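Letter by letter, the chains look like this.
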Amino acid sequence: RYLHDFQKENRNYIPKKKMTRSLGWKQDGSFLPGNSDLNLILPGQKTPTPPSYWKLGTIEEWSPFANQACNYPYARLVLAAAFAAPLLKRLSHRNFVIYIFGTSAGGKSAAKKLGASVWGPVDEFFHDLDGTDAGIEGLLSKMRNLPVFLDEKQATDRDQKAMDRLVYKIANGKGKLRGSWHGESSSLGSSSGECWQTITCMSGEHALTNNGSAEGVQNRILEIYCEAVITDRKFASSLHSINQYAYGVAGEAFLNHILSISTEDLLTRYNSLLDDLTANNSDKREDSLSHLAVLAVSDSIRQNLFGDIEPAAAKESTINWIQQIAEKLPSAETTSESTRAYQYLKNWYQQKANYFTHLGHVLEKND
């Protein structure tokens, strides 16, 4: 009783700190980390994470790594995704997944660690894909509007259906509704699912989807094959140690810059780049092109901000680069469910042709 009264009498003199359970955009328009007076405190923590935790080094120490990485189109793609994550809310664009697959030792993990360093310590953003669905959901709800990098598909024991469900969950941007009588809950006693709006980068040695994956999965993912993200192995090795040099400084500078750009201006840039992509890639999926347009916006801003490049020159460079990526994407026809179903039927028939002579005549005639 005494302590309660003591606190009440001295409330105006006790230092206060505003707390939040997640990073990213806040209701007052600020952004954590880099542009907010809120302090992150997670369940189980007794003290908030200090702002100094998210930054190390200077832009001058970080930029040489990024500039060299951007000589490689797919490393540039990963970096663009890292910067683009906070733009999704400003552009009212839905979540999507980038999945890069190819041979081992191709620099995929190194490029993702560079992307993670944009916003803070690499270990906060870079995780293995073998985590549980609940663990990945918790990570996404914490990051909220910051990118997440998941590594090594081959390390997980999920089957194809489980992988497809995970892509749906990540892209839908809302966690599972769980029963609970504790903590933050609805009036019915069930915990409300956390939300996020971000870009998730994943990688592995094999494709993430197959012919059995639903078309909805295809709409939510940019799946790209490349032999090597970074061909210079010495440089790729250096990116694994970027945590020792600099992190968090590029994200803070980028964030402060986009806060000075109106939403209307950002949408104009996005629509202009989307129009260019659509005109040059009419055979590609609309969803894929819209995802690429978001990445193109962040890439052009990054060039202008860190490369001291004029907006017109930055846009031209971005268009040339993003077009290289677009050309590698499968066509809308090859990824549609009807086309894949028909191709499956043809393949199945070829194996059973001796039993279906009349059907074979019909298929060959229609083909």
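Residues numbered from 1 in each chain as written. Predicted model: local features only at pLDDT ≥ 70, side-chain atom pairs only at ≥ 80, totals over all residues. Heavy atoms only, no water.

*Asks:* How would you explain the side chain of S30 if you had to name every residue and give the values?
*Replies:* Its place among the elements puts S30 in the loop between β2 (24-25) and β3 (31-32). Looking at S30, the relative accessible area reads 8%, which means it is buried. A polar side-chain atom of S30 sits 2.6 Å from a polar atom in the side chain of D28. Among the polar contacts listed, one links the side chain of S30 to the side chain of S36, at a separation of 3.2 Å. Leaving out residues up to four positions away in the same chain, S30 has contacts with G24, W25, N35 and S36. (Helix = DSSP H or I, 4+ residues; strand = E, 2+ residues; numbered from the N terminus. Buried < 20%, exposed > 50% of the residue type's maximum accessible area, 1.4 Å probe, protein only. Polar contact = N/O pair within 3.5 Å; in protein donor to acceptor, adjacent residues only side chain to side chain. Contact = heavy atoms within 4.5 Å.)

*Asks:* Pulling in residues and values, what's your account of a nonpolar patch on the surface?
*Replies:* Side chains of Y2, L3 and F6 sit close together on the surface and give an oily, nonpolar patch of about 400 Å² of accessible area. Checked against the element boundaries, F6 lands in helix α1 (residues 2-9). Exposure remark for F6: the relative accessible area of 47% places this residue in the partly exposed category. (Patch = residues over 30% accessible without salt bridge, like charges linked within 9 Å, V, L, I, M, F, W, Y side chains within 5 Å. Areas by Shrake-Rupley, 256 points an atom, 1.4 Å probe, with all protein chains shown as cover. Salt bridge = Lys/Arg side-chain N within 4 Å of Asp/Glu carboxyl O.)

*Asks:* Describe the environment of I170, listing the residues and the values that go with them.
*Replies:* Structurally, I170 can be placed in helix α8 (residues 160-172). Note: C-alpha distance between I170 and L140 (30 residues apart in sequence) is 7.9 Å. Every residue in contact with I170, bar those within four places of it in the chain, is listed here: N95, V97, I136, L140, L150, W196, T200 and M202.

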